[in-house]
There are 2 protein chains.
Amino acid sequence: MAIDSRPETRGRLAIIAGGGMLPHHVAEAAQARGENPYIIALSNETVLDWSDFDHQFLGIGNFKSISAVFRAEGIDRVVLSGAVRRRPEWRDIKPTFKTLAKVPGVLKTLLSGGDDAVLKMAIELIEASGARVIGVQDIIPELLAQTGPLGAIEPDKDDWKDIEVAAAAAVALGRLDVGQGAVAVGGRVVALEGPEGTDAMLARVAALRTEGRISTRRRGVLVKLCKPQQDLRADLPSIGASTIEGARAAGLAGIAIEAGRALVLERSATISQATEAGIFVTGIDRAFLRDLR
Amino acid sequence: MAIDSRPETRGRLAIIAGGGMLPHHVAEAAQARGENPYIIALSNETVLDWSDFDHQFLGIGNFKSISAVFRAEGIDRVVLSGAVRRRPEWRDIKPTFKTLAKVPGVLKTLLSGGDDAVLKMAIELIEASGARVIGVQDIIPELLAQTGPLGAIEPDKDDWKDIEVAAAAAVALGRLDVGQGAVAVGGRVVALEGPEGTDAMLARVAALRTEGRISTRRRGVLVKLCKPQQDLRADLPSIGASTIEGARAAGLAGIAIEAGRALVLERSATISQATEAGIFVTGIDRAFLRDLR
């Protein structure tokens, strides 16, 4: 989605900040690009210090206050950024008059939708309040991985076999709206990511390795892909320092992510860290993935 | 597979015993049916006391000694029973003259095959030694789940929705030769089983619940199915006391397993334990699964 680049017609940018470091990077990068972002910091999710930015801590279900912020601050564009681990309970939902009719559907989605369904709903609710939801990549396109190795190390023939196997599993997983990541070791899928997230999945792989349930003679790869049906304005797969550390601890040879649709946080530091750990990071393109989908 | 029921023509039954309680139940049940089973207890896998049975502890890759036991004891039928967590390393492989030529293929399968591929290989190697591999169900058919509720509690409408969602995920997972189990809560898949096994997966679900990443307002179900392509003589999905306890701790409403293709260990105790915990256990039939496969 192209963003409106005429500053005189633009309102303010809001960042709805979930967990992890991503929202802070997004806020800084947006500032560097001349934006003055207003941070809606989600209570129970972000634990970062937001004092350098105009911000307010709000519950994710508090549409009423979020909508009031939009009006008071002249917000016209919203970026959703960072993980949302805790789904609001019904008692946390504070609807606006406009969103009141949608509450039964919201509750149903919160109770039984996959992450993807929940994000689609959040986007719909925000856009009903008059702001446009844009992707992190529309503000900071340089975070996106390109095709090919991002650092000095390249996958070898065995690694490509693991990439293929893990990518096929990640596609199946994404279609089920369960998660975006899979790990294959020696041509065998050994872990699929659920709501626990990538770091916890990698810790599981490290434990399986220690317990001898995975060959210690093959290294393996982590693959992260968008879900086939997901809205690209929310929850793009991302990697950063903790992913590299997790991959190292799990004994993996490298990480493959979807070119043009996955984010590399603190890119130069993350890639240096990978290279030092002997881990490749590579972007795989749609031609590679087409047959798997 | 029909077993040869003429005692006078039968040789001795061997049970290759992996981890867990299943092999001991199988050995006792076989004894109760007039067999005199010889136990090949896999080192590093079974920690049970086998002193009531003729037995020998051997490494899983030690075809040489396993084959010698077959000859010495007149073994003509073999049951593979219990989990094999540790795959042998190449240095553990002690081939016989007959299996020597197969070693390169064996090593490749051990390094990169899924569990299913490893079991198929084990069956092939055993049958090359002149014994026939039969299923646990050929010895103790009463362990198999039948269609419908096994205890007093039945799944309700929401549970059936979760069964459907988890079963579809389990089918996809099985096709990838990753695992046999999946958990859905409120219509959403929250965990897929990998080499960590069902108990560890259920512990993960319990942790997700505690951390608020899964709704506390929907209970959810565990579904365990055969992999579509698996050999039914090894590694049938099974449930027992630890599964019920894990499901209870994860807050699940119940467990659905494949009728005719899944084992319920210590059946009456397991089902009573489930009923006391308010958990249903139900067998789902192929008509239900046909559309998902």
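Residues numbered from 1 in each chain as written. Chains lettered and ligands numbered in written order. Predicted model: local features only at pLDDT ≥ 70, side-chain atom pairs only at ≥ 80, totals over all residues. Heavy atoms only, no water.

With an unreviewed UniProt entry as reference, chain A is termed LpxI family protein, source organism Rhizobium giardinii.

Draft legend 1. Focus on the interface of chain B and chain A. Residue-level contacts link 35 residues of chain B with 36 residues of chain A. Roughly 3200 Å² is buried in total at the junction of chain B and chain A, and carbon and sulfur atoms are behind 54% of that figure. Counting across the chain B and chain A interface gives 0 salt bridges. Where chain B packs against chain A, one counts 4 residue pairs in polar contact (both at pLDDT 80 or more). Elements supplying a minimum of two residues to the side of chain B that touches chain A: α3 (103–112), α6 (157–175), β8 (188–192) and α7 (198–210) of chain B. (Contact = heavy atoms within 4.5 Å. Buried area = accessible area lost by both parts, 1.4 Å probe. Salt bridge = Lys/Arg side-chain N within 4 Å of Asp/Glu carboxyl O. Polar contact = N/O pair within 3.5 Å; in protein donor to acceptor, adjacent residues only side chain to side chain. Helix = DSSP H or I, 4+ residues; strand = E, 2+ residues; numbered from the N terminus.)

Draft legend 2. Spotlight on the sheet that holds strand β1 (residues 12–17) of chain A. Residue and element names in this part refer to chain A. Here we have 5 strands laid out as an open sheet, ordered β3-β2-β1-β4-β5, and parallel in their pairing. Of all the strands in the sheet, just β3 (55–58) and β5 (132–134) have a single pairing partner and so form its edges. The mean inter-strand angle of the sheet, taken between neighbouring strand axes irrespective of direction, is 25°. Looking at chain direction, β1 and strand β4 (residues 75–81) are connected through 6 bridges and run parallel. (Pairing = 2+ DSSP bridges. Axes fitted to C-alpha atoms, helices over the stretch in contact; angles between N-to-C directions.)

Draft legend 3. Broad picture of the domain arrangement of chain A. Residues and elements named next belong to chain A. We note that the domain assignment places domain 1 (7–139) and domain 2 (144–290) within chain A. Computed from C-alpha coordinates alone, the two centres of domain 1 and domain 2 are separated by 28 Å. Residue-level contacts link 17 residues of domain 1 with 17 residues of domain 2. Between domain 1 and domain 2, a total of about 1400 Å² is buried, with carbon and sulfur atoms accounting for 58% of that surface. The largest share of the area that domain 1 buries against domain 2 comes from His 25, Asp 116 and Gln 137, three residues that together contribute 35% of it. There are 1 salt bridge connecting domain 1 and domain 2. Glu 127 is the partner of Arg 233 in a salt bridge, and the nearest nitrogen-oxygen pair spans 3.3 Å. The tally of links between domain 1 and domain 2 comes to 4 residue pairs in polar contact (both at pLDDT 80 or more). At the level of elements, α1 (22–32), α4 (115–128), β5 and α5 (136–139) are the ones that each hand at least two residues to the side of domain 1 that touches domain 2. Considering each element in turn, the side of domain 1 that touches domain 2 owes the most residues, 7 residues, to α4. Considering only residue class, the side of domain 1 that touches domain 2 consists of 8 nonpolar, 4 polar and 5 charged. (Domains from an automatic or database assignment. Nonpolar A, V, L, I, M, F, W, Y, C, P; charged D, E, K, R; others polar.)

Draft legend 4. Representation of the pairing of strand β11 (residues 254–258) of chain A within the structure. Residue and element names in this part refer to chain A. Across the 5 residues of β11, 5 count as buried, placing the element largely inside the fold. Burial along β11 is two-sided: the residues Gly 254, Ala 256 and Glu 258 and Ile 255 and Ile 257 are all buried. Relative to β11, strand β9 (residues 221–224) runs parallel, the two sharing 4 bridges. Counted as the bridge partner of Lys 224 is Ile 257 from β11. By the bridge criterion, 5 bridges tie β11 to strand β13 (residues 280–284) in an arrangement that is parallel. (Buried < 20%, exposed > 50% of the residue type's maximum accessible area, 1.4 Å probe, protein only.)

Draft legend 5. Just the side chain of B:Arg77, in detail. All names here are of chain B. Structurally, the position occupied by Arg 77 is in strand β4 (residues 75–81). Within the structure, Arg 77 has its side chain in polar contact with the side chain of Glu 35 (distance 2.9 Å). Contacts of Arg 77, omitting those with residues within four sequence positions, involve Arg 10, Gly 11, Arg 12, Leu 13, Ala 14, Glu 35, Ala 131, Arg 132 and Ile 134.

Draft legend 6. Region of interest: the pattern of salt bridges. Scanning all chains against the criterion turns up 24 salt bridges over all chains. A salt bridge links B:Arg213 to B:Glu211; the shortest N-O distance between them is 3.2 Å. Given the relative accessible area of 17%, B:Arg213 is considered buried. Through salt bridges with shared partners, one network takes in A:Arg12, A:Asp54 and A:Glu73.

Draft legend 7. Structural detail: the nonpolar core. Among the nonpolar cores identified, the biggest contains 42 residues, and A:Leu192, A:Val223, A:Leu225, B:Leu192, B:Val223 and B:Leu225 are the most heavily contacted of them. Those residues within four positions of A:Val223 in sequence are excluded, and the remaining contacts are A:Ile163, A:Ala166, A:Ala167, A:Gln180, A:Gly181, A:Ala182, A:Ala256 and A:Ile284. (Core = buried A, V, L, I, M, F, W, Y, C linked by side-chain atoms within 4.5 Å.)

Draft legend 8. Structural detail: helix α8 (residues 241–249) of chain B. Residues and elements named next belong to chain B. Looking at α8, one finds that the buried residues are Thr 243, Ile 244, Gly 246 and Ala 247. All buried residues of α8 lie within an arc of 165° about the axis, which places them on one face of the element. Looking at the residues trailing α8, positive phi occurs at Gly 251, about 75°. (Arc of directions from axis to C-beta.)

Draft legend 9. How the structure looks around the relation of the copies chain B and chain A. With an RMSD of 0.0 Å, the operation that places chain B on chain A is a rotation of 180° combined with a shift of 0.0 Å along the axis. One copy is carried onto the other by what is essentially a two-fold rotation axis. By residue overlap, the copies meet face to face through one surface: 100% of the interface positions of chain B are interface positions in chain A. (Least-squares fit on C-alpha atoms with pLDDT ≥ 70 in both.)

Draft legend 10. Highlighting the environment of A:Ser51. Position of A:Ser51 relative to the elements: it lies in the loop between β2 (38–42) and β3. Of the polar contacts made by the side chain of A:Ser51, one reaches the side chain of A:Asp49; its length is 2.7 Å.

Draft legend 11. Here's a closer look at the packing of aromatic side chains. All names here are of chain A. For the coordinates displayed, the defined rule picks out 4 aromatic pairs over all chains. Their ring planes at 55° and their centres at 5.5 Å tell us that Trp 160 and Phe 288 sit as a pair that is tilted. Here Phe 288 lies in helix α10 (residues 286–290) and Trp 160 lies in helix α6 (residues 157–175), a separation of 128 residues in the sequence. By relative accessible area, Trp 160 is classed as partly exposed at 33%. (Phe/Tyr/Trp six-rings, centres within 6.5 Å; stacked < 30°, edge-to-face > 60°.)

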